[in-house]
Amino acid sequence: MALSAPIFAFTVQVYIQFAILLVALILETVAFVHCLTQRGAGFQALGTLPKGAWAAIIGICLLLTYWGKSALGIFGLIGIAAALIYLLDVRPGLKDIADGKGFW
């Protein structure tokens, strides 16, 4: 019985890492697609990085996360951070600008 614990722990670890990878890939894909569908003028009005820079950062990190098969590697963590910054900071600002409400 005691010998089966390390095998079970390794299986659980693999499933948890796969779940984190899946969530990271979905998060980065959503941010990348949203970035590509927005107008470039909104980024300038918001005063953030240009659309091309956001698309490049998120897109490259998405590819490296997918190819590396690890969301806990350096590019996976950078990609998660960039996608979260985009989705939680830039996206609401773009939405406010597009609605005509402004962001102040």
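Please read all numbers here as calculations on a predicted model, not as lab measurements.

Calculation criteria
Residues numbered from 1 in each chain as written. Predicted model: local features only at pLDDT ≥ 70, side-chain atom pairs only at ≥ 80, totals over all residues. Heavy atoms only, no water. Core = buried A, V, L, I, M, F, W, Y, C linked by side-chain atoms within 4.5 Å. Buried < 20%, exposed > 50% of the residue type's maximum accessible area, 1.4 Å probe, protein only. Helix = DSSP H or I, 4+ residues; strand = E, 2+ residues; numbered from the N terminus. Contact = heavy atoms within 4.5 Å. Expected span 1.5 Å × (residues − 1). Bend = angle between axes of the 7 residues up to and from the residue.

A. Structural view of the nonpolar core. Of all hydrophobic cores here, the largest spans 12 residues; its members are A31, C35, F43, W54, A55, I58, A82, A83, Y86, L87, V90 and L94. Mapped by element, the contributors of at least two residues to this core are helix 1 (4-37), helix 3 (51-68) and helix 4 (74-99). The biggest single contributor to this core is helix 4, with six residues. When residues no more than four places from it in sequence are discounted, the contact partners of Y86 are A31, H34, C35, Q38, F43, W54, I58, R91 and L94. Of all hydrophobic cores here, the second largest spans six residues; its members include L21, A24, L62 and I80.

B. Spotlight on helix 4. The first and last C-alpha atoms of helix 4 sit 36 Å apart over 26 residues, in line with the 38 Å expected at 1.5 Å per residue. The principal kink in helix 4, of about 35°, is found at V90, preceding the proline P92 by one to four residues. For helix 4, the set of buried residues is G76, G79, I80, A82, A83, Y86, L87, V90, G93 and L94.

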